[in-house]
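Tertiary structure, described
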There are 2 protein chains.
Amino acid sequence: MSTADSPRAHHHGNLRAALIDAGIGMLEAGAPFSLRAVAREVGVSQTAPYRHFPDKQRLEAAMATRGFRDLQSRLEVVIGRQGGSRTPLADLALAYVRYAVGSPALYRLMFGQPCGDDDERLSASAEVFGLIEQVVASGYPGADPHGLATAGWALAHGLASLHLDGKLLGTGDAGLDARVRGAFAALLAAGQSASSSS
Amino acid sequence: MSTADSPRAHHHGNLRAALIDAGIGMLEAGAPFSLRAVAREVGVSQTAPYRHFPDKQRLEAAMATRGFRDLQSRLEVVIGRQGGSRTPLADLALAYVRYAVGSPALYRLMFGQPCGDDDERLSASAEVFGLIEQVVASGYPGADPHGLATAGWALAHGLASLHLDGKLLGTGDAGLDARVRGAFAALLAAGQSASSSS
DNA sequence: CACTAATGTATTCACTGTAAACTTTAGAGC
DNA sequence: GCTCTAAAGTTTACAGTGAATACATTAGTG
């Protein structure tokens, strides 16, 4: 039955994916994350990962890529549901921030370093942006889609990042939803009052 | 003349500050940043830093604190200058993002990890937020100051962070200013058009 | 001028990322 | 079925790291 501890010593079968899984798991569990520890977890020698990743950064890049894809599918679910919402951007941001709070360590990895090192990673993050742009285009006709999508992404990411770093004082995970909606509402409201004075 | 290589071996005089300086310098120069390397740079034994910082994280926290104070003074200059600007928040955000671009490595350190570990660091970042709140209060009367300041900070930080990570595709340091102003403008404009449909 | 606390040093340990050389296995071609 | 080769994994080794411990030097106070 068990295929895990069968005696075929070499050829794990799917080491690459197993390393990514274990890496994310350990990171999120707060366990010390090192190449050796990941290899140990998977039950393989400490240099085996080098057959699949040229160095540690590339493993991290692969983990980050997976994170972006997860995030993307979460956002797609929200987009599928929002039938003519009054606040489509804030809805999306809410799901975005919730993902970050649910996987804080991976989220930090995703945004902790430039992603010029890995094409897959870059395209995965670009797809997330594309999703935001799509929501903007259909939800805010007449607006500059690129500019507004950039603003929306930055605002969501900023809120997520500041919250994870404990810089949104007095905001627990519970009050975060309100804070996100409040931030969008405040900025939009400021736009309204500005229109009357120009 | 030289006080640097005078024969007083022990008692550097101001090791703590020297370590912070050297640490920031090496970080920003892209040099490998380790406790030992910093100690070497300052010309002191590899365990000497432990007399002033309990561990590496605390040195980093002190460096981050210095970063926040620098950022604060930059923002204060901008605030002093903006006499009735039409876009006070965007002005502030511009200075904020410019600081991040000017000290990318330190900026990443400032926001890379929770700052619950260090009181000084926490209060330094809180003071930056206070500055933003002040601008909001005087520039946007009638708006929720806390909510709008949070939104402004998050938007600025998000833009800075995404840019540093290379996720704002097709935006060099040159086009960044326009991107920042564009993001604020787009969000405010979306607020205007929303007011006509509610 | 002696004594004590502050400051810096020397030594050591477990751990990390990674390079190099070796071994085992899976599967293609005869 | 047998061999040969490339892929996948192992062993060993090395330099660098954060940190703990024990020791040495100095600055100032009494």
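Residues numbered from 1 in each chain as written. Chains lettered and ligands numbered in written order. Predicted model: local features only at pLDDT ≥ 70, side-chain atom pairs only at ≥ 80, totals over all residues. Heavy atoms only, no water.

1. Considerations on the overall build of chain A
For chain A, the helix and strand inventory stands at eight helices and zero strands. Reading chain A from its N end, one meets helices and strands in the order α-α-α-α-α-α-α-α. Across its three principal axes, chain A shows a C-alpha extent of roughly 75 × 35 × 35 Å. Across the 198 residues in chain A, those meeting the buried criterion constitute 48%. Sequence separation of 24 or more characterises 66% of the internal contacts of chain A that already satisfy a separation of 6 or more. When the accessible area of chain A is evaluated, it comes to approximately 9,400 Å², of which 52% is carbon and sulfur surface. A gap of 4 Å separates the mean positions of the 18 positive and 19 negative side-chain charges of chain A. (Helix = DSSP H or I, 4+ residues; strand = E, 2+ residues; numbered from the N terminus. Buried < 20%, exposed > 50% of the residue type's maximum accessible area, 1.4 Å probe, protein only. Contact = heavy atoms within 4.5 Å. Areas by Shrake-Rupley, 256 points an atom, 1.4 Å probe, with all protein chains shown as cover. Lys, Arg positive; Asp, Glu negative; His and termini not counted. Charge placed at Lys NZ, Arg CZ, Asp CG, Glu CD.)

2. Notes on the protein's contact with DNA strand C
Taken together, 23 residues lie around DNA strand C, and A:Arg36, B:His12, B:Ser45, B:Arg51 and B:His52 are the ones closest in. Sugar and phosphate atoms represent 49% of those atoms of DNA strand C found within 4 Å of the protein. The contact in question runs from a phosphate oxygen of DNA strand C to an N or O atom on the backbone of B:Ser45, over 2.6 Å. Note that a base nitrogen of DNA strand C is positioned 3.0 Å from one of the side-chain N or O atoms of B:Thr47. For the surface near DNA strand C, the element with the most residues is helix α2 (residues 35–42) of chain A, which contributes three residues. For the surface near DNA strand C, the per-class residue count stands at five nonpolar, 12 polar and six charged. (Near = heavy atom within 4 Å. Polar contact = N/O pair within 3.5 Å; in protein donor to acceptor, adjacent residues only side chain to side chain. Nonpolar A, V, L, I, M, F, W, Y, C, P; charged D, E, K, R; others polar.)

3. Examining the side chain of B:Gln72
Residues and elements named next belong to chain B. By the element assignment, Gln-72 lies in helix α3 (residues 56–81). Classification of Gln-72 as buried rests on a relative accessible area of 11%. With residues up to four places along the chain from it excluded, the contact list for Gln-72 reads Glu-127, Val-128 and Leu-131.

4. Examining the protein's contact with DNA strand D
Residues in close proximity to DNA strand D total 23 residues, the closest being A:His12, A:Ser45, A:Thr47, A:Arg51 and B:Arg36. Note that a base oxygen of DNA strand D is positioned 2.5 Å from one of the side-chain N or O atoms of A:Thr47. Partitioning the surface near DNA strand D into residue classes produces five nonpolar, 12 polar and six charged.

5. Notes on the interface of chain B and chain A
Residue-level contacts link 41 residues of chain B with 41 residues of chain A. Taken together, both faces of the contact between chain B and chain A bury some 3,400 Å²; the carbon and sulfur share is 72%. Of all residues in chain B, B:Leu162, B:Lys167 and B:Leu187 give up the largest surface area on contact with chain A, accounting jointly for 18% of the area buried on that side. At the surface where chain B touches chain A, the tally comes to zero salt bridges. Looking at the side of chain B that touches chain A, the elements that each hand over two or more residues are α5 (104–112), α6 (119–139), α7 (145–164) and α8 (176–197) of chain B. (Buried area = accessible area lost by both parts, 1.4 Å probe. Salt bridge = Lys/Arg side-chain N within 4 Å of Asp/Glu carboxyl O.)

6. Regarding the nonpolar core
A:Met63, A:Leu155, B:Met63 and B:Leu155 are the most contacted members of the largest nonpolar core, which totals 133 residues. The residues contacting B:Leu155, other than those within four sequence positions of it, are A:Ala151, A:Ala154, A:Leu155, A:Leu187, B:Phe184 and B:Leu187. (Core = buried A, V, L, I, M, F, W, Y, C linked by side-chain atoms within 4.5 Å.)

7. Concerning the environment of A:Pro88
Residue and element names in this part refer to chain A. Structurally, Pro-88 is set in helix α4 (residues 88–102). Take Pro-88: its relative accessible area is 7%, and that puts it in the buried class. Sequence-wise, Pro-88 and His-163 are 75 residues apart; in three dimensions their C-alpha atoms are separated by 22 Å. Apart from residues lying up to four places away in sequence, Pro-88 is in contact with Gln-82, Val-135, Gly-139 and Tyr-140.

8. Side note on the confidence of the model for chain A
All names here are of chain A. With 92% of its residues at a pLDDT of 70 or more, chain A has an overall mean of 90. Here helix α8 (residues 176–197) is the element of chain A with the lowest mean pLDDT, 84, and α2 is the one with the highest, 98. In this model residues 1–7 is a low-confidence stretch, pLDDT under 50, and it forms one contact with partners more than four residues away in sequence or in other chains. (pLDDT = per-residue confidence, 0-100.)

9. Structural notes on the pattern of salt bridges
Residues and elements named next belong to chain B. For the coordinates displayed, the defined rule picks out 12 salt bridges over all chains. One salt bridge in this structure joins Asp-21 and Arg-66, with 2.0 Å as the shortest N-O distance. Note that Asp-21 is positioned in helix α1 (residues 15–29) and Arg-66 in helix α3, a separation of 45 residues in sequence. Residue classification places Asp-21 among the partly exposed residues on the basis of a relative accessible area of 43%. The salt bridge partner of Arg-98 is Asp-177, with a shortest N-O separation of 2.4 Å. Remark: Asp-177 occurs in helix α8 and Arg-98 occurs in helix α4 (residues 88–102); sequence separation between them is 79 residues.

10. Describing the packing of aromatic side chains
Within this structure, the stated rule accounts for eight aromatic pairs over all chains. Judged by centre distance (5.5 Å) and plane angle (70°), the ring pair of A:Phe68 and A:Phe111 falls under edge-to-face. Here A:Phe111 lies in helix α5 (residues 104–111) and A:Phe68 lies in helix α3 (residues 56–81), a separation of 43 residues in the sequence. Take A:Phe68 and A:Phe111: they sit in the same class, and that class is buried. Seen from their ring centres, B:Tyr96 and B:Tyr107 are 6.0 Å apart, and the 85° between their planes marks the pair as edge-to-face. One end of the pair, B:Tyr96, is in helix α4; the other, B:Tyr107, is in helix α5, and 11 residues separate them in sequence. Taken as a pair, B:Tyr96 and B:Tyr107 share a single burial class, namely buried. (Phe/Tyr/Trp six-rings, centres within 6.5 Å; stacked < 30°, edge-to-face > 60°.)

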